[in-house]
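Observations on the model geometry
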Amino acid sequence: MEQQLDYAAVRAAADRIAGGVRPVAVVPAAEGVWYALEHLQHTGSFKARGALNFLTAHHRAGTLPAVGVTIASGGNAGLACAWAARARSVPATVFLPESAPRVKVERLRGYGAEVRLVGDRYAEALAACREFAAASGALSSHAYDHPLIAAGAGTLLDEIRAALPGLDTVVVAVGGGGLFAGIATAAREHGVRVVAAEPENCRALNAALAAGRPVDVAVDSVAADSLGATRVSADALAAARQAGVESVLVADTAIAAARRTLWEEHRIVVEAAAGTALAALDAAPRRPGERVAVVLCGANTDPRDLVAPVA
């Protein structure tokens, strides 16, 4: 079982998850621009790809224990982990802060996960998750910082290329960097340019590029619920240093406007991370005739704030 992120790992991931995830739909949006509708994926985000690849690889290698898998995450990664564990018929134990929204707790339980609420902050839930893994022998998963997770996410790029021949550029939002690292790894194989989009005040990858190493950053953005990693993965930084990658920062106002545009013009409901990718289109110069795919990465959001109140 490979433990490094390269194109061979992405292709192996595609074989493992074939038939288990929904192939991405790619639709035209404007001249030269297409949307990759990954928000329609199982569990409502791309995270399903990495989670299924991670658990399937361990299952085939005989390293998936009967006690199952554990993760600290109340967001998309936790939902994907619980869903993938159910697909592999093993238990999932998900640690969340006590402040986690009730709707997420109930959805996790709907996937069959055991939910444990610990402390007021994510760090406390993470510490408890690690203690549980050490004591129980459960397999510890991660939201983004693992080669199998990133490789699973990277399978999206080849699906986009198959649906959109002649793809020149893909725009993807970056949080901790799992999706970006996987997509950039596959894109490099095919000479596809990657635009890495981040909020101005939620810029783990951009800051790592400036510092020359992963560094802790402050998190303060409308997209912080899904892009709010305080530190980017080493694999993401390595991918960003390759030719053909551009780091772009966008303002929260542009993110909110892009998200609303998707709703008002296309009736597409997505979370702010997807809005971040679309907002980056205006900040990244495009060549004449360029074919660009914007990844709409997740839909786990409250749609009520998309509709203006009736006067």
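Preceding block: the structure.
A brief look at the structure comes next. (Residues numbered from 1 in each chain as written. Predicted model: local features only at pLDDT ≥ 70, side-chain atom pairs only at ≥ 80, totals over all residues. Heavy atoms only, no water.)

1. Quick word on the sheet that holds strand 3 (residues 69–72)
With parallel pairing, 4 strands are arranged side by side in an open sheet as 5-4-3-6. Unpaired on one side and paired on the other, strand 5 (114–117) and strand 6 (139–140) mark the two borders of the sheet. Taken together, the 2 bridges between strand 3 and strand 6 define a ladder with parallel strand orientation. Across the sheet, residue V69 finds its bridge partner in strand 6, namely L139. Along the sheet face, helix 4 (residues 102–110) touches strand 4 (92–96) and strand 5 and points at about 150° away from the line of strand 5. (Pairing = 2+ DSSP bridges. Helix = DSSP H or I, 4+ residues; strand = E, 2+ residues; numbered from the N terminus. Contact = heavy atoms within 4.5 Å. Axes fitted to C-alpha atoms, helices over the stretch in contact; angles between N-to-C directions.)

2. Focus on the pattern of salt bridges
When the charged atoms of two side chains lie near each other, side chains of opposite charge can form a pair. In total, this model carries 12 salt bridges according to the counting rule given. R193 is the partner of E290 in a salt bridge, and the nearest nitrogen-oxygen pair spans 3.0 Å. With E290 in the loop between helix 12 (272–279) and strand 10 (292–295) and R193 in strand 8 (residues 193–199), this residue pair connects regions lying 97 residues apart in the sequence. Across this residue pair, the class does not change: E290 and R193 are buried. Connected via shared salt-bridge partners are R193, E246, R287 and E290. (Salt bridge = Lys/Arg side-chain N within 4 Å of Asp/Glu carboxyl O. Buried < 20%, exposed > 50% of the residue type's maximum accessible area, 1.4 Å probe, protein only.)

3. Considering helix 1 (residues 7–17)
Turning to helix 1, its buried residues are Y7, A9, V10, A13, A14, R16 and I17. Looking at the packing, one finds that the buried side of helix 1 touches helix 2 (47–61), helix 6 (147–163) and helix 7 (178–190).

4. A short note on the packing of aromatic side chains
Summed over all chains, the structure comprises 1 aromatic pair. With a centroid separation of 5.6 Å and 55° between ring planes, the pair formed by F95 and F132 is classed as tilted. Here F95 is found in strand 4, whereas its partner F132 is found in helix 5 (residues 122–136), with 37 residues between them in sequence. Exposure remark for F95: the relative accessible area of 3% places this residue in the buried category. Seen from the ring of W263, R267 lies directly overhead, with NZ or CZ sitting 4.1 Å from the centre. (Phe/Tyr/Trp six-rings, centres within 6.5 Å; stacked < 30°, edge-to-face > 60°. Lys NZ or Arg CZ within 6 Å of the ring centre and 35° of its normal.)

5. What about the packing of helix 11 (residues 252–266) against helix 12?
Their axes nearest at 7 Å, the elements helix 11 and helix 12 cross at an angle of 100°. On the basis of the axis angle, helix 11 is roughly perpendicular to helix 12. Facing A254, I255, A258, R259 and L262 of helix 11, the residues of helix 12 in contact are A272, G275, T276, L278 and A279. (Parallel < 35°, antiparallel > 145°, perpendicular 65-115°, else oblique.)

6. Re the environment of S73
Mapped onto the elements, S73 comes out in the loop between strand 3 and helix 3 (76–87). Not counting residues up to four positions away in its chain, the partners in contact with S73 are G78, V94, F95, L96 and Y122. From its side chain, S73 meets the backbone nitrogen of G78 in a polar contact 3.2 Å long. (Polar contact = N/O pair within 3.5 Å; in protein donor to acceptor, adjacent residues only side chain to side chain.)

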